[in-house]
Amino acid sequence: MNCRQRLFSLLLIFTALALLAGCGVKGPVTRLPQPRPSAPADMTLHQSGDDLLLSWELPRTNQDGSELTDLAAFRVYRQQFEPDEDCPDCRNDLTLWRLVELDYLRHAQLRGRRLYLTDRGLQAGQGYRYKVVPYNRWGASGAYVEQRQVLATPPPAPRALQARPSADGLQLSWQAPAELPEGMELLGYQLYRRRPGQTFGPAPRNRELLNQPRFEDSNFEAGRSYVYAVRTIVMQNGRVLESALSNTLVVTPRRGF
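A few points on the structure. (Residues numbered from 1 in each chain as written. Predicted model: local features only at pLDDT ≥ 70, side-chain atom pairs only at ≥ 80, totals over all residues. Heavy atoms only, no water.)

**Re the sheet that holds strand 12 (residues 214-217)**
Across the sheet, three strands lie side by side as 9-10-12; this open sheet has antiparallel pairing. Edge positions in the sheet fall to strand 9 (159-165) and strand 12, since each of these pairs with one other strand and no more. The average undirected angle you get between the axes of adjacent strands in this sheet is 20°. The pairing of strand 9 with strand 10 (residues 170-175) spans five bridges and is classified as antiparallel. Bridge pairing in strand 10 places Arg159 opposite Gln175. (Pairing = 2+ DSSP bridges. Helix = DSSP H or I, 4+ residues; strand = E, 2+ residues; numbered from the N terminus. Axes fitted to C-alpha atoms, helices over the stretch in contact; angles between N-to-C directions.)

Below you can see the structure in the form of structure tokens.
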């Protein structure tokens, strides 16, 4: 075999090997596992009247320590239990109560990086347990956080909320509850303001707890209406409780408020 024939044979061998190497079995393309969100931080339950206000911080990282950039929603599960007769941890009957989608906050309010969600019309003496599970945009669930609380009998609300113009804006005043149940210590009041057709937000109008039944409000837009209400704040058995809202008062400031 001359040199030309030998070279041609080697080229045929290399070509065949290349074809064989390119004929491997190809499987379906699979998505790499997505990192899962860390648990929400600092979850709290706060009683206001017959309601419980749930709140928690949005997680910032995934469970692998990477930055969380695709957080989409939270599923909130709820369980009711009898405090003296039941073992809520022994039961696996939490049911889905709310789906909180960050792009569509129908039930919840977002303030900074904190979410607020209210469970209304609950029963005093009953226990309520909540579990919050974050989800990313790929549908992967993250680590959960949970809290529980037994609803106490709330304190009575303030009475006879009224308003009158003042030099700096609007002077609001109300009457303290006639009598607090035994074991309740009056701490003060919180005053809330909203626009008609909206709901009261989680944050009161006052920056510090009011220790007197009055408040001077300002920063109005003339000709627009505002709705006010106030709550009693007490301490009972080491827990801070809020009353239901007082009567609401609608005020439409004129120029000069």
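Picking up where we left off.
**Comments concerning the pairing of strand 12**
Only one face of strand 12 is covered, namely the one carrying Phe215 and Asp217; the face carrying Arg214 and Glu216 has none of its residues buried. By the bridge criterion, four bridges tie strand 10 to strand 12 in an arrangement that is antiparallel. When the sheet's bridge partners are listed, Ser173 is paired in strand 12 with Arg214. (Buried < 20%, exposed > 50% of the residue type's maximum accessible area, 1.4 Å probe, protein only.)

**Quick look at the sheet that holds strand 3 (residues 71-81)**
An order of 4-3-7-8 is seen for the four strands of this open sheet, with the pairing classed as antiparallel. Two strands in the sheet have a free side with no partner beyond their single neighbour: strand 4 (95-101) and strand 8 (145-150). Strand-to-strand twist of the sheet, defined as the mean angle between neighbouring strand axes without regard to direction, takes the value 20°. Examined bridge by bridge, strand 3 and strand 7 (residues 127-136) share 10 bridges and lie antiparallel to one another. Counted as the bridge partner of Arg78 is Tyr130 from strand 7.

**Observations concerning the environment of Phe200**
Relative to the helices and strands, Phe200 resides in the loop between strand 11 (185-194) and strand 12. Separated by 27 residues in sequence, Phe200 and Val227 place their C-alpha atoms 8.9 Å apart. Residues within four places of Phe200 in sequence aside, it is in contact with Gln109, Tyr192, Arg193, Arg194, Val227, Tyr228, Ala229, Leu245 and Thr248. (Contact = heavy atoms within 4.5 Å.)

**What about the nonpolar core?**
With 21 residues, the main nonpolar core has Met43, Leu54, Trp56, Phe74, Val76, Leu117 and Tyr130 as its most contacted residues. For this core, the secondary structure elements donating two or more residues are strand 1 (41-48), strand 2 (51-57), strand 3, strand 4, strand 6 (114-119) and strand 7. Setting aside its immediate chain neighbours within four residues, Phe74 contacts Pro40, Trp56, Leu58, Pro59, Arg98, Leu99, Val100, Leu102, Leu115, Val132, Val133 and Pro134. With 13 residues, the next largest nonpolar core counts Tyr189, Phe220, Tyr228 and Val251 among its residues. (Core = buried A, V, L, I, M, F, W, Y, C linked by side-chain atoms within 4.5 Å.)

**Observations regarding the environment of Gly169**
Take Gly169: it is sitting in the loop between strand 9 and strand 10. For Gly169 and Asn219, which are 50 residues apart along the polypeptide, the C-alpha to C-alpha distance reads 7.6 Å.

**Side note on the packing of aromatic side chains**
Going through the model one piece at a time under the given rule, you end up with five aromatic pairs. Ring geometry for Tyr192 and Phe200: centres 6.4 Å apart, planes at 70°, overall edge-to-face. Of the residues examined, Tyr192 reaches a relative accessible area of 6% and is grouped as buried. Ring centres of Phe220 and Tyr226 lie 5.8 Å apart, and the angle between their planes is 70°; on these two criteria the pair is classed as edge-to-face. In this structure, Phe220 and Tyr226 share a single accessibility class: buried. The cationic tip of Arg194 hangs over the ring face of Phe200; the distance from NZ or CZ to the ring centre is 4.8 Å. We note Arg195 situated over the ring of Tyr226; from NZ or CZ to the ring centre the distance is 5.6 Å. (Phe/Tyr/Trp six-rings, centres within 6.5 Å; stacked < 30°, edge-to-face > 60°. Lys NZ or Arg CZ within 6 Å of the ring centre and 35° of its normal.)

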